[in-house]
Amino acid sequence: MMETHNTRYTRTPQSEKMKWVNHVAKLMDNQFRMPGTNFRFGLDPILGFLPVAGDLASFGVSAMLVMTMARHGASGKVVALMLVNIVLDTLIGSIPVLGNIFDFFFKANQRNVRLLTRHYEEGKYQGSGKGVIIGVLVAIVVLFILLIWVLWQLAEWIYTQLAAIL
């Protein structure tokens with residue numbers, strides 16, 4: 001005979017935010033399946049086909065997810081690892097052709113959700129995370145400026161290469 005457990009799902013603002021984080025991470029990294037395979041991909045590699053704008057949009061969504069996770073108790077170390085993931089995803093993902101292939105496999109948002117889940121499972125939850133928020137905001141702004149500069153340099157280099165050929 002099956003035993004019934006008295007488990008209830010409680011809706012709290014925190015659990016709803018984390019459901020939102022999981023949903024957006026899935027949308028960006030694993031929403032679609034390649035027909036006939038188990039290979040999954042999301043909007044991140046698709047956005048990567050739009051030069052500069054797609055990479056900036058992906059970075060913005062990833063940064064928003066990291067901010068949400070930081071507000072919900074991720075430690076400074078976990079947030080730093082998350083930022084490294086989105087920087088790698090954005091910088092390497094912005095390289096024409098190679099970056100598009102990279103985006104299909106790296107899946108920074110899913111990596112970040114796994115980091116946070118492991119962080120919670122290890123009992124290292126930090127509470128509200130308010131102390132980390134300002135540092136994360138500063139890091140995101142600096143990374144955004146760095147991203148714009150790198151994309152500008154890349155576009156300039158491509159332009160000079162094309163000008164030399166033509």
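What you see is a predicted model, and the numbers here were worked out from it, not measured in a lab.

Cut-offs used in this document
- Residues numbered from 1 in each chain as written.
- Predicted model: local features only at pLDDT ≥ 70, side-chain atom pairs only at ≥ 80, totals over all residues.
- Heavy atoms only, no water.
- Helix = DSSP H or I, 4+ residues; strand = E, 2+ residues; numbered from the N terminus.
- Contact = heavy atoms within 4.5 Å.
- Areas by Shrake-Rupley, 256 points an atom, 1.4 Å probe, with all protein chains shown as cover.
- 1 Å grid on protein atoms, 1.4 Å probe; cavity = no way out; pocket = protein on both sides within 12 Å on 5 of 7 lines; lining within 4 Å.
- Points joined across faces, edges and corners; volume = space filled by probe spheres on them.
- Nonpolar A, V, L, I, M, F, W, Y, C, P; charged D, E, K, R; others polar.
- pLDDT = per-residue confidence, 0-100.

Engineer: Can you help me understand the overall build of the protein chain in this one?
Structural biologist: A tally of regular secondary structure across the protein chain gives 7 helices and 2 strands. Mapped from its N terminus to its C terminus, the protein chain presents α and β elements in the order α-β-β-α-α-α-α-α-α. The long-range share in the protein chain, meaning contacts at least 24 apart out of those at least 6 apart in sequence, stands at 68%. Accessible surface for the protein chain amounts to roughly 10400 Å². Of this, 68% is attributable to carbon and sulfur atoms.

Engineer: What is the right way to look at empty space enclosed by the protein in this model?
Structural biologist: If a probe the size of a water molecule is rolled over the atoms, the empty space left behind becomes visible. A complete count under the given rule lists 2 cavities of 30 Å³ or more for this structure. For the largest cavity, the full set of lining residues is Phe 59, Val 87, Thr 90, Leu 91, Leu 143, Leu 146 and Leu 147. For the lining of the largest cavity, the secondary structure elements donating two or more residues are helix H4 (76-93) and helix H7 (130-165). For the lining of the largest cavity, the class distribution of residues is 6 nonpolar, 1 polar and no charged. One number sums up the size of the second largest cavity: a volume of about 40 Å³. Taken together, the elements giving at least two residues each to the lining of the second largest cavity come down to helix H3 (53-71) and H4. Looking at the lining of the second largest cavity, the element that brings in the most residues is H3, giving 4 residues. Partitioning the lining of the second largest cavity into residue classes produces 1 nonpolar, 3 polar and 4 charged.

Engineer: I would appreciate a short explanation of the layout of surface pockets in the present structure.
Structural biologist: When its volume is computed, the largest pocket comes out at roughly 230 Å³. Pro 51, Val 52, Ser 94, Pro 96 and Ile 158 are the residues nearest the centre of the largest pocket, which is lined by 15 residues in total. Of the residues forming the lining of the largest pocket, the biggest block, 4 residues, is contributed by H7. A class-by-class count of the residues in the lining of the largest pocket yields 10 nonpolar, 4 polar and 1 charged.

Engineer: Could you clarify how one ought to interpret the confidence of the model for the protein chain in this entry?
Structural biologist: Do not read the predicted coordinates in detail wherever pLDDT is low. Confidence along the protein chain averages 79 in pLDDT terms, with 82% of residues attaining 70 or more. Helix H1 (residues 13-29) is the least confidently modelled element of the protein chain, averaging 77 in pLDDT, while strand S2 (residues 40-41) averages 92, the highest of any element. Counted against residues more than four places away or in other chains, residues 1-13, with its pLDDT under 50, gives 5 contacts.

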